[in-house]
Amino acid sequence: EAVASGDYDAVVVTEMVELRDALRDHASARYLALWAAAAQAANPQARVYLYETWHHLDDPAGWDTRLAEDFGGLWKDRLLHPALARSEVPIHLIPAGQVMAAFDAKLRSGDGIGGLRGISDLFATTPDGVQDTIHLNDLGAYLVALTHYAVLYHRDPTGLPTALMRADGTPATVPPPQAAGVMQQTVWKVVTGHPETGVAA
């Protein structure tokens, strides 16, 4: 109903984790093309985006390995490109998983950044302190929000505010200033480095 209303000038869709299962069982490329067609039928100016996500931190194949391999092999070759072949509507990519992988590489290349030591620092923990392997905390949400901003608005996120509010109106955890700067720079480098985003450097 929301898409059919024509009220939206950008429609962002994604696919479930585990992506391999979705591609095997749910005709993902076909339905991506159908969503794109529905969005444009309701609003000819609507832009359509495929949001690349990530895997569980404890994926047996390795979190970073899956991000590297699945981006081309699954997200592009088996989902985005087949959908584009079925559709007359342009579909661009929001590469959140690739941004997370690039930021993780920066964290691991030294002694961390601004007190952040590894990618798990961007993931939530349960109330009893157990690591959540798939859901983000405020810091991870900030990184992904920067990625959406850069792709949707074609703007470098460098210098954007870091003190934000959660949906419930409470203050979100603020990323350390050094880490926030590296996040913003990483987002722009990744987003402008993949032509599928539609964002030129």
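None of the values given here were measured: they were computed from a predicted structure.

Colleague: What is the right way to read the overall build of the chain from this model?
Modeller: From N to C terminus, the chain includes six helices and five strands. Scanning the chain from its N terminus toward the C terminus, one meets helices and strands in the order β-α-α-β-α-β-α-β-β-α-α. The C-alpha radius of gyration of the chain comes to 17 Å, within 12% of the 17 Å expected for a compact globule of 201 residues. Referenced to the eigenvectors of the C-alpha coordinate spread, the extents of the chain come out at roughly 50 × 35 × 35 Å. When burial is assessed residue by residue, the chain has 45% of its 201 residues classed as buried. For the chain, the proportion of contacts with a sequence separation of at least 24, taken over those separated by at least 6, is 67%. Only carbon and sulfur atoms are counted for the fraction: they give 54% of the accessible area of the chain, which is about 10,200 Å². Put simply, the chain has 14 plus and 24 minus side-chain charges, and the middle of one group is 5 Å from the middle of the other.

Colleague: Even after reading the chapter, I still don't get empty space enclosed by the protein, so can you show me in this structure?
Modeller: The gaps left among the atoms become clear once a water-sized probe is rolled over them. Within this structure, the stated rule accounts for one cavity of 30 Å³ or more. In this structure, the largest cavity is lined by V17, E18, L19, T53, W54, H55 and W75.

Each value, and the rule that gives it
Residues numbered from 1 in each chain as written. Predicted model: local features only at pLDDT ≥ 70, side-chain atom pairs only at ≥ 80, totals over all residues. Heavy atoms only, no water. Helix = DSSP H or I, 4+ residues; strand = E, 2+ residues; numbered from the N terminus. Rg over C-alpha atoms; globule rule 2.2 N^0.38 Å. Buried < 20%, exposed > 50% of the residue type's maximum accessible area, 1.4 Å probe, protein only. Contact = heavy atoms within 4.5 Å. Areas by Shrake-Rupley, 256 points an atom, 1.4 Å probe, with all protein chains shown as cover. Lys, Arg positive; Asp, Glu negative; His and termini not counted. Charge placed at Lys NZ, Arg CZ, Asp CG, Glu CD. 1 Å grid on protein atoms, 1.4 Å probe; cavity = no way out; pocket = protein on both sides within 12 Å on 5 of 7 lines; lining within 4 Å. Points joined across faces, edges and corners; volume = space filled by probe spheres on them.

What is shown is where atoms sit, not what they do.
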